[in-house]
Amino acid sequence: MKSIRNGLVLALGITMTTFGLAACGGDDGGAPAASDPNAKVELSLATFTEFGYEELIPEYERLHPNIKITHRKTGQGGPYHQDLITKLAAGSGLADVTAVEEGHLSNVLDKGSKFNDLTKIGPPEASPDRWLGWKYDAAKTKDGKVIGYGTDIGPLAMCYRKDMLEAAGLPSDPEAVKPLFATWDSYFAAGDQYVSKTGGKAWFDSAAQNFNAMVNQLPTGYIGNDDKPTLESNQGIRDAWTKVTGAVAKGQSAKLTAFSNEWNSGFKQGAFATKVCPAWMLGVIEEHSGPENAGKWAVTAAFPGGGGNWGGSYLTVPTQSKHPKEAAELAAWLTAPEQQIKAFKAKGTFPSQVKALEDQALLSETDAYFGGAKIGQLFAEQAKKVAKPQYKGPGDGQIQENASSPALQAVEQGKSADEGWAQLIDAAKKITR
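Everything quoted here is computed from the prediction, not taken from an experiment.

Engineer: For this particular structure, what's the right way to read the overall build of the protein chain?
Structural biologist: What the protein chain contains, in helices and strands, is 19 helices and eight strands. A compact globule built from 433 residues would reach a C-alpha radius of gyration of about 22 Å, and the protein chain, at 22 Å, matches this within 12%. Expressed as lengths along the three principal axes of its C-alpha atoms, the size of the protein chain is roughly 70 × 50 × 35 Å. Going through the 433 residues of the protein chain one by one, you find that 57% of them count as buried. Restricting to contacts in the protein chain with at least 6 residues of sequence separation, those with at least 24 account for 76%. Counting every atom, the protein chain has about 17,000 Å² of accessible surface; 51% of that belongs to carbon and sulfur. Computing the positive centroid from 44 side-chain charges and the negative centroid from 49, the protein chain places the two 2 Å apart.

Take a look at the structure:
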């Protein structure tokens, strides 16, 4: 019941070669426009990796005998989103319901005219209070249009190796470790202690993983509300850079590139003691750590700086759709609390709906690999700690992936912090010019 969907999406990135989706919005073979509720309507639904919709689609068709859904499921998020942007520009080819991952949302929010406003065409039950406020608001364009219904989320906690913390004389109980992870200062201070007590073993996997979480917690990220880059004037980002690169200089980083083969094997080898841990990361850790490390990993309801989110998606209805009302009804149903719980049980996609986060089916969920941790309750609590969404302007995701991460990797490989910062600034300027 765990998914690595969002991790794979971010790892694959948005610069990979594109390939065509077979789904074409409104490609219904001349079906009538459904003013008649009994008229046959063919809808296309495009998703990538795992959304947990395999059993939900036939259920919807049983409930709506006049609806036929073609599900176009793509294995890789990077090519999927590149293809989405291409077809958006072309004005044709998109599915009636098109999924967008939150890391790519900034690339479509400035193209709001190409998406239906779901507050205008969606069913009344899809009201704003269905979702966590920050999840709902993140899909609003500057002029107030809501272009997406929220699917899953990736609330952040901290995962760690109990046995490795114990060996360093640090607390290892999920409650006792919370003070270590209260702030980024306390987290890196604990890292100094860990490195010292273990003779130089790494505290975390990669600088970029921590830095991305720190930047996402700031009121303003790489792009300001005016869609201009902020790096050279954003003191919060510079402070985060100083803290992370300072930890690298003190030997806290395992210097692993996230989702690389070396990073994958690092879990099994005990290459690092702590890990920034969105809900979907539990499945990644279990897969790569292997059965021999069951019970050694733990997760705690704490995260430096309070809360944060990494991952999650939205269902949109492009204006290319010939059946926008029916498409919006399908998207609203798929993202309803009941369906979010079913998707969670099927693929581990963590719900974003308020009622789903209060459902006992979620709250009672435990994870034997993590010592029986009540992961449903834990991540539901973490989700409620997330503040309002940070504005993500055009180019935000590219800066994170193609500027900040390579610059931090360069620091891990020997560049000074100042040299790495200059590399980050230069790369970001090329992206946003």
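After that view, the rundown keeps rolling.
Engineer: Teacher, can you tell me more about the state of the cysteines here?
Structural biologist: When the sulfur atoms of two cysteines share a covalent bond, that bond is a disulfide. Enumeration according to the criterion identifies one disulfide in this entry. A disulfide bridge connects C159 with C277, and the sulfur atoms are separated by 2.1 Å. Taking the sign of the S-S torsion, about -60° here, the bridge from C159 to C277 comes out left-handed. Placement of the pair is C159 in strand 4 (residues 149-161) and C277 in strand 5 (residues 274-278), with a sequence separation of 118 residues. Each of the two residues, C159 as well as C277, counts as buried.

Engineer: Would you mind going over the pairing of strand 7 (residues 309-316) with me for this structure?
Structural biologist: In the case of a regular strand, side chains alternate between the two sheet surfaces. Within strand 7, eight of the eight residues are buried, which leaves the element mostly enclosed by the surrounding structure. As defined by bridge partners, strand 3 (residues 97-101) adjoins strand 7 across four bridges and the pair is classed as antiparallel. Residue T98 lies in a different strand from strand 7, and its bridge partner there is T316.

Procedures and definitions
All residue numbers refer to positions counted from 1 along the written sequence of the respective chain. Reporting of local features is limited, given that this is a predicted model, to residues whose pLDDT is at least 70; pairs of side-chain atoms are given and counted only at 80 or more, and all residues count toward the totals for whole chains, interfaces and linings. Derived side-chain values reflect all non-hydrogen atoms in the structure, with water molecules and hydrogen atoms excluded from consideration. By definition, any uninterrupted DSSP run of H or I lasting at least four residues is a helix, any uninterrupted run of E lasting at least two residues is a strand, and each is numbered from the N terminus. Taken over C-alpha atoms, the radius of gyration is set against a globule rule of 2.2 Å times the number of residues to the power 0.38. Think of it in three bands: with a 1.4 Å probe and only protein chains considered, a residue is buried below 20% of the maximum accessible area for its type, exposed above 50%, and partly exposed in between. Any pair of residues with heavy atoms lying within 4.5 Å of one another is described as a contacting pair. Note on areas: these come from Shrake-Rupley sampling with a 1.4 Å probe, and a residue is covered only by the protein chains present in the view. The charge count treats Lys and Arg as positive and Asp and Glu as negative. His and the chain ends do not count. For the purpose of locating charges, the reference atoms are NZ of Lys, CZ of Arg, CG of Asp and CD of Glu. Two cysteine sulfurs form a disulfide in these notes if their separation is within 2.5 Å. The rule for pairing is simple: two strands pair if DSSP sees at least two bridges between them.

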